[in-house]
Amino acid sequence: MVGHEAAWEAWRAARSGERMHHAWLLAGKKGLGKASFAQAAARELLGAQAEGEHPDIHTLTYGPKNKDEAKKRDDGKAYELARGIKVDQVRAVQRRLTTRPTMGSKRVVIIDPADDMEVSASNALLKSLEEPPQGTYFLLVAHSPARLLPTIRSRCRTVRFPTLPASAMDDLLRDLAPDADIATRDAAIAAAAGSPGAALAFVELELGKAAQLMRRIVEEGDRDFSLRGQLAGVIGSRQDIPRLQAVLDLARAILAERVIGSAGDPRRLVDTHAELVRITGEQPTYNFDPGLLGMEIGTLLATAGAASERGNG
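Residue positions are given per chain, counting from 1 as you read along its sequence in written order. Per-residue local features of the predicted model are confined to residues with pLDDT of at least 70, and side-chain atom pairs are confined, for both listing and counting, to 80 or more; whole-chain, interface and lining totals are unaffected and use all residues. Side-chain figures throughout are based on the complete set of non-hydrogen atoms in the structure, without hydrogens or water.

Colleague: So what's going on with the nonpolar core? Which residues, and what values?
Modeller: A general trend in soluble globular proteins is that nonpolar side chains are found buried together. Working definition of a nonpolar core: buried Ala, Val, Leu, Ile, Met, Phe, Trp, Tyr and Cys residues. They are joined through side-chain atoms within 4.5 Å. Burial here depends on accessible area, computed with a 1.4 Å probe over protein chains only, as a share of the maximum for the residue type. Under 20% is buried, over 50% is exposed, and the range in between is partly exposed. Counting residues in each nonpolar core, the largest one holds 35 residues, and the members touching the most others are Phe202, Met214, Leu231, Leu250, Ile297 and Leu301. Going along the chain from the N terminus, every DSSP run of H or I of four or more residues is numbered as a helix, and every run of E of two or more is numbered as a strand. Contributing elements (two or more residues each) for this core: α8 (166-176), α9 (182-192), α10 (196-204), α11 (208-220), α12 (226-235), α13 (241-261) and α15 (290-312). It is α13 that contributes the most residues to this core, eight residues altogether. Only heavy atoms enter the contact rule, under which two residues are in contact if any of them lie within 4.5 Å. Once residues within four sequence positions are removed from consideration, phenylalanine 202 is found in contact with Thr184, Ala187, Ala188, Ala191, Leu207, Gly208, Ala211, Ala246 and Leu250.

Colleague: Outline the packing of helix α1 (residues 5-16) against helix α2 (residues 34-46), supporting the account with residue identities and numerical values.
Modeller: Pairs of packed helices are described in terms of their axes, by the angle between the two and the distance that separates them. Inter-axis angles, ranging from 0 to 180 degrees, are taken between N-to-C directions of lines fitted to C-alpha atoms, where helices are fitted over the stretch in contact. Look at α1 against α2: their axes get within 12 Å of each other, and the N-to-C directions meet at 25°. Relative to α2, the element α1 is oriented roughly parallel. Relative to α2, the crossing made by α1 is right-handed. Contacts between α1 and α2 pair Ala7, Trp8, Trp11, Arg12 and Arg15 from the former with Phe37, Ala40, Ala41, Glu44 and Leu45 from the latter. Three classes are used: nonpolar for Ala, Val, Leu, Ile, Met, Phe, Trp, Tyr, Cys and Pro, charged for Asp, Glu, Lys and Arg, and polar for all others, with Gly counted as polar. Residue composition of the contact of α1 with α2, by class: seven nonpolar, no polar and three charged. Just so you know how the angles are binned, under 35 degrees is roughly parallel, over 145 roughly antiparallel, 65 to 115 roughly perpendicular, and the rest oblique. Note on convention: the crossing is left-handed when the near helix lies turned anticlockwise from the far helix by less than a right angle, right-handed when the turn is clockwise.

Colleague: Requested: an account of the environment of glycine 135, with residues and values cited.
Modeller: With respect to the secondary-structure elements, glycine 135 resides in the loop between α6 (119-130) and β4 (136-142). In the structure, glycine 135 is positioned 29 residues away from lysine 106 in sequence and 4.5 Å away in space, judged by C-alpha atoms.

Keep in mind these numbers describe shape, not what the thing actually does.
Structure (structure tokens):
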């Protein structure tokens, strides 16, 4: 697992000690492999094989509130309704923890994402963290640890997962996505901002062409709107939430480059970046035709490019 060396050292050092902490908070941005680490660490602790379900590994997460509804609708709203780990889920696991482990003396509860628990679920979990059943270990995966109750954080040992440098990201993509061209790899690295999972998702979504068009819009200005039209076409005509999220991440990365590296008026560029955040609302449900969203992004990129040119001139 790339970038997890320090986390493994902390975990294994704790295991070799006299008393291992019962609750661990795995913190870091999305796509760094925290959930994969949690599963691997749980299996190592239990001496389990790497594949197949284990009766003493209990995972709390969330999915569509109504699977049939989620299949019918592709605007993200079904998933929005389903977000948040519920108190009933926590209590169901707590009831299972009143019995002995199935295959040994230990068991692991993985909560992913722990920072997306409802308040009532967090309060219920706190009771287990304060008085953990014997042989029970908790692994909390969190993208934004500050959203957790302070009382939960205080009862966990925190392990932070760092983002990867560009060189490590490039090596990873060459290994796991060998068919991706250089332009796509470079765009994925810029959009992912150190997150391997985000970079791989970008490559899988085949957004290299969108990346090329965005950079051309910034550099060339796109006075006749032709590049923006092409960008709208590349993004697609249906609302595909993962694809739109990747497009937005790339646009933010390109705008951030302009803010940092441009000799233009930084206030104008920051305002442009803020406008991108405003039009999307930072929500997984974008009330836009994807093509229109592509035009909006293109206009913001063109504005950033024009501001840079005026500053350099």
